[in-house]
Amino acid sequence: MEPKTASASLTIMTELVLPNDTNVFGNLMGGRLMYWMDIASALAAQKHCNAPVVTASVDNISFENPIRLGNVVHIEAKVTRAFNSSMEVHMKVWGEDLKQQKKYKSNEAYYTFVALDDHNKPQQVPGLIPETEEEKRLFEGALRRRQIRLILGGKMKPDDAKELKALFVTD
Ligand SMILES: CC(C)(COP(=O)(O)OP(=O)(O)OC[C@H]1O[C@@H](n2cnc3c(N)ncnc32)[C@H](O)[C@@H]1OP(=O)(O)O)[C@@H](O)C(=O)NCCC(=O)NCCS
């Protein structure tokens, strides 16, 4: 299976915040944004593996700035690293006020997807080649982030997380 570049998975989604997308404060509802992020990142993962995927986990979403009614939402999603059947996708989200010509950061997050075969079983995905400095940094950190989420999900013993432990324990 030929490895693919991170940039080949780049997915850009643009949405307009309409009244039905907002909370009582007139800001975009977190759940609506997470729904759009789920779609954008699933598309990035599917571009990488060319197979259907399911969301395995979502982590580290902290909303830094609310996005106002009538503003534009920009989501950029890219695969950071592929493992066996799973892929980590990094997303950056911005809001934009076109009238004020102001673009502001909303949040960043990592979603993990698993590729499924015709029998809905996890299937092997291609490896990922990071090219830019940012892609290399995200690729490097992906192994430790994977270990954290597998420990929290009860799928890995903390003692087995060698790369994560190396950050805290020195010989
Ligand atoms: C995600 C899912 C396919 C994993 O299946 P599983 O039987 O646990 O399979 P495995 O233990 O063999 O793990 C398969 C891959 O999932 C990854 N995985 C499992 N749980 C995970 C978690 N909590 N976070 C991140 N990755 C996870 C494993 O690391 C493994 O990756 P790898 O093949 O790259 O090493 C399965 O739990 C599932 O279908 N979950 C529901 C998905 C869904 O419906 N999502 C929408 C939510 S509404």
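Refer to the structure above for everything that follows.
The subject of this paragraph is the pattern of salt bridges. Counting across every chain of the model gives 10 salt bridges. Residue Arg-32 pairs with Asp-21 through a salt bridge whose shortest N-O separation is 2.8 Å. Linking Arg-32 in helix 1 (residues 30-49) with Asp-21 in the loop between strand 2 (11-16) and helix 1, this pair joins segments that are 11 residues apart in sequence. Accessibility expressed as a relative area gives 8% for Asp-21, which makes it buried. Glu-134 is the partner of Lys-92 in a salt bridge, and the nearest nitrogen-oxygen pair spans 2.9 Å.

Approximately 490 Å³ is the volume attributed to the largest pocket. Ser-57, Thr-112, Arg-146, Arg-149 and Leu-150 are, among the 21 residues lining the largest pocket, the residues nearest its centre. Within the residue set of the lining of the largest pocket, elements represented by two or more residues are strand 3 (53-59), strand 5 (86-97), strand 6 (102-115) and helix 2 (133-152). By residue number, the principal contributor to the lining of the largest pocket is helix 2, which donates 6 residues.

Rules used throughout
Residues numbered from 1 in each chain as written. Predicted model: local features only at pLDDT ≥ 70, side-chain atom pairs only at ≥ 80, totals over all residues. Heavy atoms only, no water. Salt bridge = Lys/Arg side-chain N within 4 Å of Asp/Glu carboxyl O. Helix = DSSP H or I, 4+ residues; strand = E, 2+ residues; numbered from the N terminus. Buried < 20%, exposed > 50% of the residue type's maximum accessible area, 1.4 Å probe, protein only. 1 Å grid on protein atoms, 1.4 Å probe; cavity = no way out; pocket = protein on both sides within 12 Å on 5 of 7 lines; lining within 4 Å. Points joined across faces, edges and corners; volume = space filled by probe spheres on them.

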